[in-house]
Amino acid sequence: MLTGKVKKYDPNKGWGFITIPGEPDVYVHARGITRQDRQRLQANDIVSLVVVQGQRGPQAARVHILREGEA
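Cut-offs used in this document
- Residues numbered from 1 in each chain as written.
- Predicted model: local features only at pLDDT ≥ 70, side-chain atom pairs only at ≥ 80, totals over all residues.
- Heavy atoms only, no water.
- Helix = DSSP H or I, 4+ residues; strand = E, 2+ residues; numbered from the N terminus.
- Buried < 20%, exposed > 50% of the residue type's maximum accessible area, 1.4 Å probe, protein only.
- Contact = heavy atoms within 4.5 Å.
- Areas by Shrake-Rupley, 256 points an atom, 1.4 Å probe, with all protein chains shown as cover.
- Lys, Arg positive; Asp, Glu negative; His and termini not counted.
- Charge placed at Lys NZ, Arg CZ, Asp CG, Glu CD.
- Core = buried A, V, L, I, M, F, W, Y, C linked by side-chain atoms within 4.5 Å.
- Salt bridge = Lys/Arg side-chain N within 4 Å of Asp/Glu carboxyl O.
- Polar contact = N/O pair within 3.5 Å; in protein donor to acceptor, adjacent residues only side chain to side chain.
- Phe/Tyr/Trp six-rings, centres within 6.5 Å; stacked < 30°, edge-to-face > 60°.

Once that is clear, we can look at the overall build of the protein chain. When helices and strands are tallied, the protein chain shows 0 helices and 5 strands. For the protein chain, the N- to C-terminal ordering of α and β elements is β-β-β-β-β. Taking the principal axes of the C-alpha coordinates as reference, the protein chain spans close to 30 × 25 × 15 Å. Relative to its 71 residues, the protein chain shows a buried fraction of 38%. Contacts spanning at least 24 positions in sequence make up 48% of the contacts within the protein chain whose residues lie at least 6 apart. Approximately 4,800 Å² of the protein chain is accessible, and the part contributed by carbon and sulfur atoms is 49%. Side chains of the protein chain give 11 positive and 7 negative charges; the mean places of these two sets differ by 7 Å.

This part is about the nonpolar core. Of all hydrophobic cores here, the largest spans 14 residues; its most connected members are Ile 18, Val 47 and Val 63. Looking at this core, the elements with two or more residues in it are β1 (2-10), β3 (26-29), β4 (46-54) and β5 (57-67). When residues in this core are grouped by element, the largest group, 3 residues, is from β5. Setting aside chain neighbours within four positions, we find Val 63 in contact with Ile 18, Val 28, Gly 32, Ile 33, Thr 34, Asp 37, Val 47, Ser 48 and Leu 49.

When you line up the elements, Asp 45 lands in the loop between β3 and β4. Within the buried core, Asp 45 has no salt-bridge partner, and the shortest N-O distance to an opposite charge, that of Arg 40, equals 6.9 Å. Looking at Asp 45, its side chain comes within polar contact range of the main-chain nitrogen of Gln 42, at 3.0 Å. Polar contacts involving the side chain of Asp 45 include one to the main-chain amide nitrogen of Gly 69, which spans 2.7 Å.

Moving on, we come to the packing of aromatic side chains. The final tally for this structure, using the stated rule, is 3 aromatic pairs. Aromatic pair Trp 15 and Phe 17: ring centres 5.9 Å apart, planes at 90°, arrangement edge-to-face. Ring geometry for Trp 15 and Tyr 27: centres 6.4 Å apart, planes at 25°, overall stacked. Linking Trp 15 in strand β2 (residues 15-19) with Tyr 27 in strand β3, this pair joins segments that are 12 residues apart in sequence. Assessed through its relative accessible area of 28%, Tyr 27 is described here as partly exposed. Among the aromatic residues, those joined into a ring-pair cluster are Trp 15, Phe 17 and Tyr 27.

Structure (structure tokens):
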């Protein structure tokens, strides 16, 4: 599992990006977020995740909030 910080996430559109130290930003879709965190995810949250190969390249999966960020 990796740890990253949510760069941006739009719950209305269901997608965003996560920054992982030393790696390129990773796309995240609502399907890759754990059910209990799907509606709570927001910018600056610290999350655990795995990176998988999606249809258009690497993307985040099994995203779980470890610590909520500050607005």
